[in-house]
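The lines below spell out each chain.
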Amino acid sequence: MITVYYALTFAISLLLTLFYVYKWRVHFEVNITIIFTLIPVANLGYLFEYSARTKEAYINATKVVYIGGAFLLFFINICVFRLSGIHVKRWVRTLAFLVCCTLYSCVLSIGYSDVFYRDLEFRRENGRIIVSKDYGPAHLMFYVLIAVYFLAGLLAIVYSYRRKKQVSKWILRILLIPEVITILGYVGLKFGHQNIDLVPATYVIAQIIYLVIVRRMSLYNISSNVIDTMVQTGDTGFVSLDFRRHYLGSNETANRIIPALSRLRVDEPLTGKSDFEETINRWIEHFKQEGKKVSFNFTLHDPENEEESRVYQVEVNYLYDGLLKRGYQLFFRDDTENQKYINLLDKFNSELEEEVEQKTARIVEMHDNLIMSMAVVVESRDNSTGGHVRRTSEGVRILVEEMRKDDRFMLTNKFCKDIAKAAPMHDLGKIAVDDDILKKPGRFTPEEFEQMKRHAAEGARIVHEILKDTDDEEFKVLAENVAHYHHERWDGSGYPEGLKGEEIPLEARIMAIADVYDALVSKRVYKESLSFEKANEIIIGGMGSQFDERLMPYYVKARPKLEAYYTGQKDE
């Protein structure tokens, strides 16, 4: 029966560790990961102890048991300090770990010296093991170390509970459980007349508690999906709530925009609080009705100088943990300058026609810069295509320049201008592709490629949203076509729609050549750049299957300029 107990605690601890590995994410606390690694090892030692047939086997099993005894409390305490928001200096951590290593080296001396056990007697009677131990000075150090770790962890929890707002009180309360139960096990708590050691059971309980903790902690690590410097110190503010509208966190920018946020504690509900009824609560209610991302304008008034008031665009969307929706995410972006331009345009009249034209040109320039900036930001997420946006835009410009030299396609000045302007937007849809796929340093699996193919349709949707209010319907359609169909093939084997021949818009056919050419002659993380000769051979070979064969003469004429341009890029 006792053997079953030790075997069961080992098996459960191992299953819990496997479950933790299954649920593991990169933002999980590393010390909890180490705890889940050590506990099955220590519990296996207890099973070996009770199964030992000889004194030597018992001693070896004891050495395995003390892997947990010597190191688990260290990692539990480091975890407690991290989750309590208390920084422990590196030299303190290092010194504490060296103490644990020294103690464990004393454990390893059992059977060779009397520093940990002066004497150990072992025998088996009626299937039971009977052990008598005479403890040495190092064993006393072990109990001192236990007391120090317990007091340090308890003080950290109490201090953080009373003084730190940005730490969940719920997490702090539940952290007490593994602290207390492991201490009770270490101080010699036994069960029944057969003195069954309860430490393995306390380890299992601690694992269960930490599984609960890491599940909740995953909500507090939402900033891992955004650039830390932008989120923490930039012009973008964010607020995170769970589905019950419990406050999960915000950055300094959001606290400045809505000062009442700085007075909240983590896990404090916003429902019913008057400070948020006309802002966050109202925005979330509207979002729930729409069922998709919504945006609002919010004005932060300066009572001393109204001209210094700021206008923010507020976006509300779901907070994701992997693929799971776990709450709400609100983003604040300073939209003051855009709003000023809009207000200024509303006041313009016929007497200010010249000024209107100047301001309009400036807005167009800002719009173009914004589109290019968005394209560069999206591109920066993809570590395999650095400079791709600007290079393909130049490639398109070179191609249409050759096409304008005859009348076969009857290209207008506006078409040539629009396609060069739209080219940077062709890969905007990659913003919807998961980072794990987009940043993969190698070729995609079939499943990953299916996810990657979504960027074409998603890019068309994004372009449509960006340009839906523009008066230039012709440019909007052209830009959507470039994003949507630049991966279609002349023979109908492309994606996302499988269009064939002239079903593919001309602008997308031109974009396809520039896109593929850049991919061939540029270095990627999974391949070296091809020579111009090899790239030319592939492009020419694709005419009539991948590309419109009628564009081949223009590509051939454009080839010297393309090679000169890319040679210059390599020189830079």
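Quick notes on the rules
- Residues numbered from 1 in each chain as written.
- Predicted model: local features only at pLDDT ≥ 70, side-chain atom pairs only at ≥ 80, totals over all residues.
- Heavy atoms only, no water.
- Core = buried A, V, L, I, M, F, W, Y, C linked by side-chain atoms within 4.5 Å.
- Buried < 20%, exposed > 50% of the residue type's maximum accessible area, 1.4 Å probe, protein only.
- Helix = DSSP H or I, 4+ residues; strand = E, 2+ residues; numbered from the N terminus.
- Contact = heavy atoms within 4.5 Å.
- Axes fitted to C-alpha atoms, helices over the stretch in contact; angles between N-to-C directions.
- Parallel < 35°, antiparallel > 145°, perpendicular 65-115°, else oblique.
- Nonpolar A, V, L, I, M, F, W, Y, C, P; charged D, E, K, R; others polar.

S.K.: So what about the nonpolar core? Which residues, and what values?
M.R.: Ranked by internal contacts, the top residues of the largest apolar core, which has 67 residues, are Tyr6, Ile35, Phe116, Leu175, Tyr210 and Ile213. If one sorts the elements of this core by residue count, helix 3 (residues 55-83) sits on top with 16 residues. Beyond its immediate chain neighbours, meaning those up to four positions away, phenylalanine 116 contacts Tyr66, Leu103, Cys106, Val107, Ile110, Tyr135, Gly136, Ala138 and His139.

S.K.: If you had to explain unusual backbone geometry to someone new, which residues and values would you point to?
M.R.: Note that the residue after tyrosine 495, namely proline 496, is joined by a cis bond; omega there is 10°. Mapping proline 496 onto the fold places it in the loop between helix 18 (473-485) and helix 19 (506-521). For arginine 245, which is not a glycine, the phi torsion comes out positive at approximately 65°. Here arginine 245 shows up in the loop between strand 5 (237-242) and strand 6 (247-250). Although it is not a glycine, aspartate 267 sits at a positive phi angle of roughly 80°. Mapped onto the fold, aspartate 267 is located in the loop between helix 9 (252-257) and helix 10 (280-290). Aspartate 267 gets classed as buried once you look at its relative accessible area, which sits at 17%.

S.K.: Could you give an account of the packing of helix 3 against helix 4 (residues 90-108), naming the residues involved and the relevant values?
M.R.: At a minimum axis separation of 9 Å, helix 3 and helix 4 run at an interaxial angle of 170°. On the basis of the axis angle, helix 3 is roughly antiparallel to helix 4. Residues Lys63, Val64, Tyr66, Ile67, Ala70, Phe71, Phe74, Phe75 and Ile78 of helix 3 touch helix 4, and the partners they reach there are Arg93, Ala96, Phe97, Cys100, Cys101, Tyr104, Val107 and Leu108. Its residues assigned to classes, the contact of helix 3 with helix 4 comprises 15 nonpolar, no polar and two charged.

Functional significance is not addressed by these values, which are geometric in nature.
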